Amino acid sequence: MAKDKPTDLLDWLGLSNAPNWRVSRPLGGVVGFLVVLLVLLALIATFSLLGRTILHGFSEAPVANLGTGAMIVAILSAPIVIWGTIIKQKTVDFQKEGHITDRISKAVEQLGAEKTVDRIGRPVTIWTGVPERVSYSSKTVESLEGKARTRVYPKEWRQWWNEETDDVEEGYRSTVETWPRERTVIQWQGGKIDLRKTEVVGLEGPWQAFSETLPNIEVRIGGLLSLERIAQDSTRYDKGRDHVRVMEILCAYIRENAPDSTAVDSDRKKWEDSQNTLPFPTWDQFKELHGRHKDEDLDAYLDIDALTPWAENLPPPRADLQLAMAIIGRRSPEQRRIEAHWGPETHAQAEWVFDTPCPELPERTDGKPLGQTVLDDFKTRLTAWKDSLTDYPGYRPDLRGCNLQRHDLSKLVLSGARLDGTRLEGADLRTARLEWTDLVEARLEGADLREARLEGADLGGARLEGADLSWARLEGADLSGAQLEGALLFEGRLEGANLIMARLERAVLHRAQLERANLGWAQLEGAGLHRARLEGAVLTEARLEGAVLTEARLEGANLREARLEGVRTLRGAAFQGAALRGLSLASIPISPEQVKSTFGDASVTDLPDGMDRPAHWPDWELGDRFDKEWRKWQADPDTYTPPPKPEP
């Protein structure tokens, strides 16, 4: 691919620092033949001149002049000079390789830099959980002193009921509290200890000097910047031979220093994890296990609305890890093209395919439906585009199983990256490029994905509760089984997306574009679909109870056995060409005009009061023939005649 502008003097003169000799491979044989021919001629001339000199040695007239001899000597010495030049060039190349290797080794050493910090602190034992509180007599209390995780309060004169004697007794009693668990932390001088409601300070050790080994962030940042420079220099002067190796080092550095085991879990995740273990804990047991007071309302912590503020208060990432992600995400177009030629399955014509734009549907200018032909053409082009990305043989950054919580990944290019199972809660992914990225079972609760590019991305089983996906591009993305409860998808582009069995309860999909999307068995209870575009969408057995579909565009949608009971409003919704099957319209606020614009059969019951069954509806259940008859009616509704009921 031609460069936009020359990078140096040799480039300006038309000479490349690293020329592509393959282009002129046939010319090499011709040059080699000419060189060999010149040497042979020089040898013949030399022996001829030598012979004539011997035969005419006593002649007064010389048989050859000095210039001819010098030329012959020059030709004969040319191979030796050329060979010497080749040897010197090889030596320079080896020195260059050794220099680059030394640079990489030194930078990698910097990535492991640590420093020892001396601090004043003391060990503090914290007793956790709900304590057992018992009142004992003074004699019994003496035997309990020194018991682990036990605190004895001063004795007091009390009266109590003795069940054995069935009488009131009085005397000195002491309250004893015993905590079920404990943990030990270091309290640094001048610092405080964060305690939960069910935690108290048990034992405090003496103040002493502690030597703590910490990552040397400053040195590590220097090593990361050195690696970035090596990758850039390799791309510019060495055909990118070391670029991918540097990217692999950076990815490994992030995986090792930020594994998903270091991520902070929300109360919602803790509760879900507890339900996957036997025996299932009760609410009170869960509260005690995680240090919650027994009177606390856990619904406030487990609700979807609590995820966004929780994500915003997550600890920020380390500066070196943030920089490593930035270096990966700001690779130049030339670096990305080099990645396309990396790997055993690549080929000379390989391109970084993620720059190929995703197909788009034409904009509606007159408010009319796009039509089946336009939708079919879009689906065909979208499938071809996804196939071209599937065949990409080059390098893809591997960041699977990393902890990237609260990372700033905005505007970074992570197209095609492997982010399966990555923890991205609270991450800033605004306008990030994530086309064809693997995000299977990734956790993105509370993440900011506004205007993110996720065309063709695999988000199967991903957790996106409370995430903001407004104006995001998700055409052709796989969101099957993804959890998007309470997510914001305002004006999101989801044409042709796979949302089978997705959880979209209370999601905001106002003006979202869902043409030809597959929402079969999706849960959309309480979702906001105001002016959403669902033309040609599949809503088979979708749960839409309590959803808002005001002015939604459902032309040609498949609503077979969709659960529309309790839909709050269908005012202004367009159903032209949609299919109704296996539905009871008794509790659905659908108008007679909307019903007449659809196709159905005898499986649709309880039509609006006073409404006759539309004439183009067959009076029997079509079964397997339904889709065929539906398409026939869509193609020519004016002349369509419903098929007669078959004879029993």
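Before any of the text, the structure's been laid out above.
Residues numbered from 1 in each chain as written. Predicted model: local features only at pLDDT ≥ 70, side-chain atom pairs only at ≥ 80, totals over all residues. Heavy atoms only, no water.

**Student:** Give a detailed account of the overall build of the protein, specifying residues and quantitative values.
**Tutor:** Counting its regular elements, the protein contains 15 helices and 10 strands. Considering the protein as a whole, with its 648 residues, one finds that 41% of them fall into the buried category. For the protein, the proportion of contacts with a sequence separation of at least 24, taken over those separated by at least 6, is 43%. Put simply, the protein shows about 35,400 Å² of open surface, and 54% of that area lies on carbon and sulfur atoms. (Helix = DSSP H or I, 4+ residues; strand = E, 2+ residues; numbered from the N terminus. Buried < 20%, exposed > 50% of the residue type's maximum accessible area, 1.4 Å probe, protein only. Contact = heavy atoms within 4.5 Å. Areas by Shrake-Rupley, 256 points an atom, 1.4 Å probe, with all protein chains shown as cover.)

**Student:** Lay out the pattern of salt bridges with the relevant residues and their values.
**Tutor:** Within this structure, the stated rule accounts for 56 salt bridges. With a closest N to O distance of 3.7 Å, Arg-511 and Glu-491 form a salt bridge. Taken as a pair, Arg-511 in the loop between α13 (372-390) and β9 (558-560) and Glu-491 in the loop between α13 and β9 lie far apart in primary sequence, 20 residues in all. Looking at Arg-511, the relative accessible area reads 38%, which means it is partly exposed. The exposure class of Glu-491 is partly exposed, given its relative accessible area of 27%. Each member of the salt-bridge network shares a partner with another, and the members are Asp-355, Glu-360, Arg-433, Glu-435, Arg-453, Glu-455, Arg-473, Glu-475, Arg-493 and Glu-495. (Salt bridge = Lys/Arg side-chain N within 4 Å of Asp/Glu carboxyl O.)

**Student:** Tell me about the packing of helix α5 (residues 217-237) against helix α11 (residues 319-329), and please be specific about residues and values.
**Tutor:** As a packed pair, α5 and α11 sit with axes 9 Å apart at the nearest point and diverge in direction by 10°. Comparing their axes, α11 and α5 come out roughly parallel. Of the residues in α11, those in contact with Ile-217, Arg-220, Ile-221, Leu-224, Leu-225 and Glu-228 of α5 are Ala-319, Asp-320, Leu-323, Ala-324 and Ile-327. (Axes fitted to C-alpha atoms, helices over the stretch in contact; angles between N-to-C directions. Parallel < 35°, antiparallel > 145°, perpendicular 65-115°, else oblique.)

**Student:** Go over unusual backbone geometry, please, and point to the residues and values.
**Tutor:** With a phi angle near 60°, Lys-239 is a residue other than glycine that sits in the positive phi range. Note that Lys-239 resides in the loop between α5 and α6 (243-257). Backbone geometry at Asp-606 places phi at a positive 55°, although glycine is not the residue there. Topologically, Asp-606 is positioned in the loop between α14 (592-596) and α15 (626-635).

**Student:** An account of a nonpolar patch on the surface is needed here, citing residue identities and associated values.
**Tutor:** Taken together, the side chains of Leu-27, Val-30, Val-31, Phe-33, Leu-34, Val-35, Leu-37, Leu-38, Leu-41 and Ile-44 define a hydrophobic patch exposed on the protein surface, amounting to about 940 Å² of accessible area. Here Phe-33 shows up in helix α2 (residues 25-55). (Patch = residues over 30% accessible without salt bridge, like charges linked within 9 Å, V, L, I, M, F, W, Y side chains within 5 Å.)

**Student:** Explain the nonpolar core to me, using residue names and the numbers behind them.
**Tutor:** One finds Leu-449 and Leu-484 to be the most contacted residues of the largest nonpolar core, which totals 101 residues. Elements with a minimum of two residues in this core: α3 (66-111), α5, α6 and α11. Take this core: its biggest share by element is 7 residues, from α6. Not counting residues up to four positions away in its chain, the partners in contact with Leu-449 are Leu-429, Leu-434, Leu-444, Leu-454, Leu-464, Ala-467, Asp-468, Leu-469, Ser-470 and Ala-472. (Core = buried A, V, L, I, M, F, W, Y, C linked by side-chain atoms within 4.5 Å.)

**Student:** I'd like to hear about the packing of aromatic side chains, residue by residue, with values.
**Tutor:** One pass over the full model with this rule turns up 8 aromatic pairs. On the basis of an interplanar angle of 90° and a centroid distance of 5.9 Å, the ring pair of Trp-188 and Phe-210 is categorised as edge-to-face. On the criterion of sequence distance, the pair formed by Trp-188 in strand β6 (residues 181-188) and Phe-210 in strand β8 (residues 208-215) is long-range, its members being 22 residues apart. Grouping aromatic residues by their ring pairs yields a cluster made of Phe-599, Phe-626, Trp-633 and Tyr-640. (Phe/Tyr/Trp six-rings, centres within 6.5 Å; stacked < 30°, edge-to-face > 60°.)

**Student:** How would you explain empty space enclosed by the protein if you had to name every residue and give the values?
**Tutor:** Within this structure, the stated rule accounts for 1 cavity of 30 Å³ or more. Of the volumes computed, that of the largest cavity is approximately 40 Å³. (1 Å grid on protein atoms, 1.4 Å probe; cavity = no way out; pocket = protein on both sides within 12 Å on 5 of 7 lines; lining within 4 Å. Points joined across faces, edges and corners; volume = space filled by probe spheres on them.)

**Student:** Explain the side chain of His-407 residue by residue, including any values.
**Tutor:** If you trace the backbone, His-407 turns up in the loop between α13 and β9. Non-local contacts of His-407, meaning those with residues more than four positions away in its chain, are made with Pro-317, Leu-321, Gln-322, Met-325, Ala-427 and Asp-428.

**Student:** Break down the side chain of His-616 for me, with residues and values.
**Tutor:** Position of His-616 among the secondary structure elements: in the loop between α14 and α15. A relative accessible area of 15% places His-616 in the buried class. Side-chain polar atoms of His-616 contact the side chain of Trp-617, separated by 3.4 Å. The contacts of His-616, once residues within four sequence positions are left out, are Lys-596, Thr-598, Phe-599, Trp-633, Tyr-640 and Pro-642. (Polar contact = N/O pair within 3.5 Å; in protein donor to acceptor, adjacent residues only side chain to side chain.)

**Student:** Now, about the pairing of strand β4 (residues 156-162): what can you tell me, with residues and values included?
**Tutor:** Of the strand pairs in this sheet, β4 and strand β5 (residues 167-178) are connected by 7 bridges, and their pairing is antiparallel. Within β5, the residue paired with Gln-159 across the bridge is Glu-170. Remark: 4 residues form the turn of the hairpin made by β4 and β5, two consecutive strands paired antiparallel; Asp-166 in that turn has positive phi of roughly 55°. (Pairing = 2+ DSSP bridges.)

**Student:** Could you give an account of the environment of Thr-235, with specific residues and numbers?
**Tutor:** Position of Thr-235 among the secondary structure elements: in helix α5. With residues near it in sequence (within four places) discarded, Thr-235 still touches Gly-240, His-243, Glu-334, Gln-335 and Ile-338.

**Student:** I'd love a proper account of the packing of α5 against α6, names of residues and values included.
**Tutor:** Relative to each other, α5 and α6 sit at 155°, their axes nearing to 8 Å. With respect to their mutual orientation, α5 and α6 come out roughly antiparallel. Two packed elements cross with a definite hand, and for α5 against α6 that hand is left-handed. Across the interface between the two elements, Arg-220, Leu-224, Leu-227, Ile-230, Ala-231, Ser-234 and Thr-235 of α5 pack against His-243, Val-246, Met-247, Ile-249, Leu-250, Tyr-253 and Asn-257 of α6. Of the residues assigned to the contact of α5 with α6, the class counts are 9 nonpolar, 4 polar and 1 charged. (Left-handed = near helix turned anticlockwise from the far one by under 90°. Nonpolar A, V, L, I, M, F, W, Y, C, P; charged D, E, K, R; others polar.)

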